[in-house]
Amino acid sequence: MAPGVQGPVVIDVAAVTKSYGSGRGRVDALRGVDLTVHEGEIVAIVGQSGSGKTTLLQMLGAVDVPTSGTVEVSGHDLASMRERDLTGFRRSVVGFVFQQFNLIPTLTAFQNVEAAAVNLPGGGEPADRIGDLLTQVGLGDRMDHRPAELSGGEQQRVAIARALVNDPRIILADEPTGNLDTETGHEVLELLTGVAASGQRTLVLITHDDRVAAAAERVVTIRDGLIVDDGDTSGAPGGLRG
Ligand code: ADP
Ligand code: MG
């Protein structure tokens with residue numbers, strides 16, 4: 001999509017609250033969040049530790065449910081979906097990337113991606129598609145390596161291939177460069193923003209890192225469970241994609 005052209009709304013969060021626990025142990029992790037994201041946007045969510053970033057991302061990925069408010073993703077009101085449909089949603093509408101990579105240690109890079117695959121899109125041999133994905137993330141010669149035999153950056157590349165295997169329209173990344181050195185983190189970020197842009201996917205990226213945030217088109221700041229700044233740059237030329 002050309003810079004400045006808005007796609008349809010793909011994420012619509014309205015008045016979302018989330019409280020954990022009860023009584024004196026209650027934590028109000030989100031206290032009324034509104035967020036609208038258009039298809040193809042690259043949005044960074046920044047904020048201090050404990051501000052509610054991960055909680056918000058879990059709402060977007062239907063990993064957890066709000067205490068109140070609504071979350072619509074790709075036209076689905078998540079609260080009204082059945083469990084069976086939510087399982088499909090988590091597998092193929094969104095793709096997750098985590099700080100700790102979360103690979104299965106006993107499986108090779110190829111098998112880690114394969115294990116996440118449901119109905120491989122586009123037909124063809126599943127093995128070809130997984131091989132193509134691993135090649136796309138720069139691991140064509142590392143497919144049979146286990147996580148312990150890969151560097152942190154390589155492990156995160158496997159995780160990115162895994163997140164893409166069911167061709168999700170939305171990628172949700174929670175501090176994806178948080179365990180990587182600066183240079184490797186930058187390469188992983190380039191990869192993530194690149195695969196998002198080339199597939200016209202939406203990328204919502206949590207980060208602590210100002211450099212990472214600077215690569216996004218839009219930076220949303222969350223503090224104590226509230227969005228305190230939403231640099232909605234609709235119409236402005238994009239950052240890395242510019
Ligand atoms: P961030 O990702 O910005 O560091 P989180 O969304 O993980 O913040 O957490 C927001 C707040 O909610 C924190 O105070 C955290 O301790 C609390 N919290 C998160 N998950 C849980 C949970 N499962 N049970 C209780 N409190 C939680
Ligand atoms: Mg977090």
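Refer to the structure presented above.
As the structure is a prediction and not an experimental result, all values here were calculated from the model. (Residues numbered from 1 in each chain as written. Chains lettered and ligands numbered in written order. Predicted model: local features only at pLDDT ≥ 70, side-chain atom pairs only at ≥ 80, totals over all residues. Heavy atoms only, no water.)

1. Topic: the site of ligand 1
Line of reasoning, step 1. In the vicinity of ligand 1, the residues found are Y20, V27, A29, Q48, S49, G50, S51, G52, K53, T54 and T55.
Line of reasoning, step 2. The backbone of G50 places a nitrogen or oxygen atom 2.7 Å from an oxygen atom of ligand 1.
Line of reasoning, step 3. Between K53 and ligand 1, the recorded distance is 2.8 Å, taken from a side-chain N or O atom to an oxygen atom.
Line of reasoning, step 4. For ligand 1, whose accessible area on its own is 560 Å², the fraction buried by protein is 58%.
Line of reasoning, step 5. At the level of secondary structure, the elements contributing two or more residues to the shell around ligand 1 comprise strand 2 (27-38) and helix 1 (53-60).
Line of reasoning, step 6. For the shell around ligand 1, the residue count by class is 3 nonpolar, 7 polar and 1 charged. (Near = heavy atom within 4 Å. Polar contact = N/O pair within 3.5 Å; in protein donor to acceptor, adjacent residues only side chain to side chain. Areas by Shrake-Rupley, 256 points an atom, 1.4 Å probe, with all protein chains shown as cover. Helix = DSSP H or I, 4+ residues; strand = E, 2+ residues; numbered from the N terminus. Nonpolar A, V, L, I, M, F, W, Y, C, P; charged D, E, K, R; others polar.)

2. Some details on the nonpolar core
Line of reasoning, step 1. Among the nonpolar cores identified, the biggest contains 38 residues, and L134, I160, L192 and L203 are the most heavily contacted of them.
Line of reasoning, step 2. Put simply, the parts of the chain that give this core at least two residues each are strand 3 (42-46), helix 3 (109-116), helix 4 (126-136), helix 5 (152-164), strand 7 (170-174), helix 6 (182-198), strand 8 (202-207) and helix 7 (210-214).
Line of reasoning, step 3. Beyond its immediate chain neighbours, meaning those up to four positions away, L203 contacts E41, I42, V43, I171, A173, L192, T193 and A196.
Line of reasoning, step 4. Judged by nonpolar contacts, the second largest core, of 30 residues, contains V33, L56, L57 and I222. (Core = buried A, V, L, I, M, F, W, Y, C linked by side-chain atoms within 4.5 Å. Buried < 20%, exposed > 50% of the residue type's maximum accessible area, 1.4 Å probe, protein only. Contact = heavy atoms within 4.5 Å.)

3. Topic: the sheet that holds strand 6 (residues 94-98)
Line of reasoning, step 1. The strand order 6-7-8-3-9-10 describes an open sheet built from 6 strands, whose pairing is mixed. Since the sheet does not close on itself, it has two edges, and those belong to strand 6 and strand 10 (226-230), each with one partner. Put simply, the sheet's adjacent strands are angled 20° from each other on average, direction ignored.
Line of reasoning, step 2. Bridge count between strand 9 (residues 218-223) and strand 10: 4 bridges; the pairing is antiparallel. Among the inter-strand pairings, R223 is bridged to a residue of strand 10, identified as L226. (Pairing = 2+ DSSP bridges. Axes fitted to C-alpha atoms, helices over the stretch in contact; angles between N-to-C directions.)

4. Quick word on the pairing of strand 4 (residues 68-73)
Line of reasoning, step 1. Across 5 bridges, the pairing between strand 1 (residues 9-20) and strand 4 is antiparallel. Note on strand 4: the bridge partner recorded for V13 is V71.
Line of reasoning, step 2. Taken together, the 2 bridges between strand 4 and strand 5 (residues 76-77) define a ladder with antiparallel strand orientation. Its bridge partner lying in strand 5, E72 is registered against D77.

5. Some thoughts on the packing of helix 5 against helix 6
Line of reasoning, step 1. Where helix 5 contacts helix 6, the two axes come as close as 10 Å, and the packing angle between them is 15°. In terms of orientation, helix 5 and helix 6 fall into the roughly parallel class. The two elements helix 5 and helix 6 cross, and the hand of that crossing is right-handed. When helix 5 is examined against helix 6, the residues G153, Q156, R157, I160 and L164 are found in contact with a partner set consisting of T184, E187, V188, L191, L192 and V195.
Line of reasoning, step 2. By residue class, the composition of the contact of helix 5 with helix 6 is 6 nonpolar, 3 polar and 2 charged. (Parallel < 35°, antiparallel > 145°, perpendicular 65-115°, else oblique. Left-handed = near helix turned anticlockwise from the far one by under 90°.)

Note that every value here comes from positions in space, so none of it alone points to a role or purpose.
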